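# Residue-level structural notes
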Amino acid sequence: QKEVEQDPGPLSVPEGAIVSLNCTYSNSAFQYFMWYRQYSRKGPELLMYTYSSGNKEDGRFTAQVDKSSKYISLFIRDSQPSDSATYLCAMSALGTDTGNQFYFGTGTSLTVIP
Amino acid sequence: GAGVSQSPSNKVTEKGKDVELRCDPISGHTALYWYRQSLGQGLEFLIYFQGNSAPDKSGLPSDRFSAERTGGSVSTLTIQRTQQEDSAVYLCASSSRVFYNEQFFGPGTRLTVL
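Residues numbered from 1 in each chain as written. Chains lettered and ligands numbered in written order. Predicted model: local features only at pLDDT ≥ 70, side-chain atom pairs only at ≥ 80, totals over all residues. Heavy atoms only, no water.

## So, the state of the cysteines
All names here are of chain A.
- Evaluation of the coordinates by the stated rule reveals 2 disulfides over all chains.
- Note that cysteine 23 is cross-linked by a disulfide to cysteine 89, the S-S spacing being 2.0 Å. For the disulfide bridge between cysteine 23 and cysteine 89, the dihedral angle about the S-S bond is near -100°, and by the sign convention the bridge is left-handed. Of the two residues, cysteine 23 sits in strand 3 (residues 19–25) while cysteine 89 sits in strand 9 (residues 85–92), which places them 66 residues apart along the sequence. Both residues of the pair, cysteine 23 and cysteine 89, belong to the buried class. (Disulfide = S-S within 2.5 Å. Helix = DSSP H or I, 4+ residues; strand = E, 2+ residues; numbered from the N terminus. Buried < 20%, exposed > 50% of the residue type's maximum accessible area, 1.4 Å probe, protein only.)

Below you can see the structure in the form of structure tokens.
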């Protein structure tokens, strides 16, 4: 079983739609949860960073973490064509037995159609 | 300020040749990571440097892979006797000691082994 599971999509939505992206994980020691956006032929860029459970909002983006279910989500409101990219979740448990590693999902490819 | 830079951006080599990939992290960032990203795969952790500590090499897939970081700044990833399965995008990321969960990625080096 992979440490982090993420549906690769592809996901295609009309402009203005609400997008929901999700990841599940198996290691209960994970404490830090990140979402990255990666445009084609570019490196990933950090979008959201959450510690432990709860919600975090930044503009049109909301990150949710449910540690009891080992499930994290990223919501994008009023999606725009410029949001078309691959979204990767990542998590870590720095300072525990998992060492210094960050564990990434495979990424979900999103296309927002004008 | 300048972000993480990597060179070359593209590298095509023949099977059996050695290659060197370079990463220049953000100035002042003490942590440096190398990842490999293959089509349809998530980011695969390769190696981690933190300041002057011994690197975490637990992700290196074989002894053909090695990396060094000189003066706590520039890092070089070397792949000896390249194989076709080494073809991938190699990404470098750096982070500060304080905000170690916030990784900043370079654009990557796309390696093709013929």
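## Overview of the pattern of salt bridges
Residue and element names in this part refer to chain B.
- Counted by the stated rule, this structure contains 7 salt bridges over all chains.
- Here glutamate 44 and arginine 36 are joined by a salt bridge, their closest N and O atoms 3.0 Å apart.
- Glutamate 44 sits in the partly exposed class, given a relative accessible area of 30%.
- Here arginine 36 falls in the buried class, since its relative accessible area comes to 10%.
- In this structure, aspartate 86 and arginine 64 form a salt bridge, with 2.8 Å as the shortest nitrogen-oxygen distance. Remark: arginine 64 occurs in the loop between strand 5 (43–50) and strand 6 (65–69) and aspartate 86 occurs in the loop between strand 7 (75–79) and strand 8 (88–95); sequence separation between them is 22 residues. (Salt bridge = Lys/Arg side-chain N within 4 Å of Asp/Glu carboxyl O.)

## A short note on the packing of aromatic side chains
- For the coordinates displayed, the defined rule picks out 15 aromatic pairs over all chains.
- Residues A:Phe30 and A:Tyr103 carry aromatic rings whose centres are separated by 5.3 Å and whose planes lie at 50° to one another, so their mutual orientation is tilted. Separated by 73 residues along the polypeptide, A:Phe30 in the loop between strand 3 and strand 4 (32–38) and A:Tyr103 in strand 10 (residues 102–104) bring together distant segments of the chain.
- Taking relative accessible area as the criterion, A:Phe30 reaches 0% and is therefore assigned buried.
- Residue class for A:Tyr103 comes out buried when judged on its relative accessible area of 16%.
- On the basis of an interplanar angle of 80° and a centroid distance of 5.4 Å, the ring pair of A:Phe102 and B:Tyr33 is categorised as edge-to-face. Of this pair, A:Phe102 sits in strand 10 while B:Tyr33 sits in strand 4 (residues 31–37), placing the two residues on different chains.
- The buried category is assigned to A:Phe102, whose relative accessible area is 1%.
- The rings of A:Tyr36, A:Phe102, A:Phe104, B:Tyr33, B:Tyr35, B:Phe45, B:Tyr48 and B:Phe105 are connected pair by pair, giving a single aromatic cluster. (Phe/Tyr/Trp six-rings, centres within 6.5 Å; stacked < 30°, edge-to-face > 60°.)

## Topic: the sheet that holds strand 1 (residues 5–7) of chain B
All names here are of chain B.
- A sheet is described by the order of its strands in space; here 4 strands give the open sequence 1-3-7-6, paired in antiparallel fashion. Both edges of this open sheet fall to strand 1 and strand 6, since each of them pairs with a single strand only. Sheet twist, expressed as the mean angle between neighbouring strand axes with direction ignored, is 15°.
- Strand direction decides the pairing type here: strand 6 and strand 7, joined by 5 bridges, are antiparallel. Paired with glutamate 68 across the two strands is threonine 76, which belongs to strand 7. (Pairing = 2+ DSSP bridges. Axes fitted to C-alpha atoms, helices over the stretch in contact; angles between N-to-C directions.)

## Brief notes about the side chain of B:Ser95
- Mapped onto the elements, B:Ser95 comes out in strand 8.
- Not counting residues up to four positions away in its chain, the partners in contact with B:Ser95 are B:His29, B:Thr30, B:Ala31, B:Tyr33, B:Tyr100, B:Glu102 and B:Gln103. (Contact = heavy atoms within 4.5 Å.)

## Section: the sheet that holds strand 7 (residues 61–66) of chain A
All names here are of chain A.
- Taking strand neighbours across the sheet as the criterion, the 5 strands line up as 1-3-8-7-6 in an open arrangement whose pairing is antiparallel. Here the strands that pair on one side only, and so sit at the sheet edges, are strand 1 (4–6) and strand 6 (54–58). Pairwise comparison of adjacent strand axes, ignoring direction, gives a mean angle of 15° for this sheet.
- Two elements, strand 7 and strand 8 (residues 71–76), share 6 bridges in a ladder whose sense is antiparallel. Counterpart to valine 65 in the pairing with strand 8 is isoleucine 72.

## Topic: the interface of chain A and chain B
- Contact residues are listed per partner, giving 19 residues for chain A and 20 residues for chain B.
- Summing both partners gives a buried area of about 1,700 Å² for chain A against chain B, and 53% of it is carried by carbon and sulfur.
- Linking chain A to chain B there are 0 salt bridges.
- Scanning the region where chain A abuts chain B turns up 1 residue pair in polar contact (both at pLDDT 80 or more).
- For the side of chain A that touches chain B, the secondary structure elements donating two or more residues are strand 4, strand 5 (45–51), strand 9 and strand 10 of chain A.
- The element best represented in the side of chain A that touches chain B is strand 4 of chain A, accounting for 4 residues.
- A class-by-class count of the residues in the side of chain A that touches chain B yields 10 nonpolar, 7 polar and 2 charged. (Buried area = accessible area lost by both parts, 1.4 Å probe. Polar contact = N/O pair within 3.5 Å; in protein donor to acceptor, adjacent residues only side chain to side chain. Nonpolar A, V, L, I, M, F, W, Y, C, P; charged D, E, K, R; others polar.)

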